[in-house]
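# Architecture at a glance
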Amino acid sequence: MKTNFLQILLFLSFFLSGCSVKKDRSNLAHNYYQQALVAAEKNPREALALLEKSLSEQIIPRALIFKATLLFQTKEYAESLTLFEKIIKDKSYPETLQTDALNNYACLLINLNKLDQAEKIWQELINNKHYLSPEVAWFNIGLLNLNRQLYNKAAHAFNSAIRIASDYIDAYYYLTVTLMKMQEWELARKTVIELIGQIPEHQSALELLEQIDQKLKPKK
């Protein structure tokens, strides 16, 4: 998923924080949480309402992170910031969840124009053994530097994401865009051809290829 141009992580599995509550309340929390995951695809505010019901039955760490992420998506930045910072300071959270929260927190910081702080978080996540998606951190670093017009840094980051996840379609796409900005037309063409080889119907990639071929066409 993306908010603006950054990739956030949505949470598609369910984590129970304890077994001291009654089973029926745990089941209700689970059901509301699953409904929120479905609703988030089309209506984040409806998902937030369902999450509130889930959290009223049982406090689930993953659901709280999801709530902070949805607050970010609905542009309730102050509330999202407060909740993310509370989560990050809470050392009782599983470390893999903490790292996911940090990635999404960094995306929020971009929207608050705290670019250096966000990039620092992603650089730290890349080397964090508990972070299961380092390619996402590299991807977000790439987009950040593409936006800053630091094209060499952006290209390095996108290439790093692809080395980790060779099927990372968005990384191929934005690497192509970066190479076009650098006027590296042959390399851009090679990159977008790799993307199209994985998803032949990718319309945006096909449009990039057409633009590149126009640039490479011999002048009469």
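Provided above is the structure to which this section pertains.
What you see is a predicted model, and the numbers here were worked out from it, not measured in a lab.

This part takes up the overall build of the chain. Each helix and strand in the chain was counted, giving 11 helices and 2 strands. In the chain, the order of α-helices and β-strands from amino to carboxyl end is β-β-α-α-α-α-α-α-α-α-α-α-α. A buried classification covers 48% of the 220 residues belonging to the chain. Taking the contacts inside the chain whose residues are at least 6 apart along the sequence as the reference set, 54% of them involve residues at least 24 apart.

This next bit is on the layout of surface pockets. The space that makes up the largest pocket amounts to roughly 180 Å³. Along its surface, the largest pocket is lined by Ile 88, Lys 91, Tyr 93, Glu 95, Gln 98, Thr 99, Leu 102, Ile 121, Glu 124, Leu 125, Asn 128 and His 130. Mapped onto the lining of the largest pocket, the elements with two or more residues apiece are helix H5 (95-111) and helix H6 (115-126). For the lining of the largest pocket, the leading source of residues is H5, giving 4 residues. Partitioned by chemical class, the residues of the lining of the largest pocket number 5 nonpolar, 4 polar and 3 charged.

Across all of its chains, the model carries 7 salt bridges by this definition. Put simply, Arg 45 and Glu 76 hold a salt bridge, and the shortest N to O gap is 2.8 Å. Of the two residues, Arg 45 is situated in helix H2 (residues 44-57) and Glu 76 in the loop between helix H3 (61-73) and helix H4 (77-89); the sequence distance between them amounts to 31 residues. Its salt-bridge partner being Asp 213, residue Arg 189 comes within 2.7 Å of it at the nearest N-O pair. Placement of Arg 189 in helix H10 (residues 185-198) and of Asp 213 in helix H11 (residues 203-216) is noted, with a sequence separation of 24 residues between them. When its relative accessible area of 28% is taken as the criterion, Asp 213 is described as partly exposed.

The rules behind each value
Residues numbered from 1 in each chain as written. Predicted model: local features only at pLDDT ≥ 70, side-chain atom pairs only at ≥ 80, totals over all residues. Heavy atoms only, no water. Helix = DSSP H or I, 4+ residues; strand = E, 2+ residues; numbered from the N terminus. Buried < 20%, exposed > 50% of the residue type's maximum accessible area, 1.4 Å probe, protein only. Contact = heavy atoms within 4.5 Å. 1 Å grid on protein atoms, 1.4 Å probe; cavity = no way out; pocket = protein on both sides within 12 Å on 5 of 7 lines; lining within 4 Å. Points joined across faces, edges and corners; volume = space filled by probe spheres on them. Nonpolar A, V, L, I, M, F, W, Y, C, P; charged D, E, K, R; others polar. Salt bridge = Lys/Arg side-chain N within 4 Å of Asp/Glu carboxyl O.

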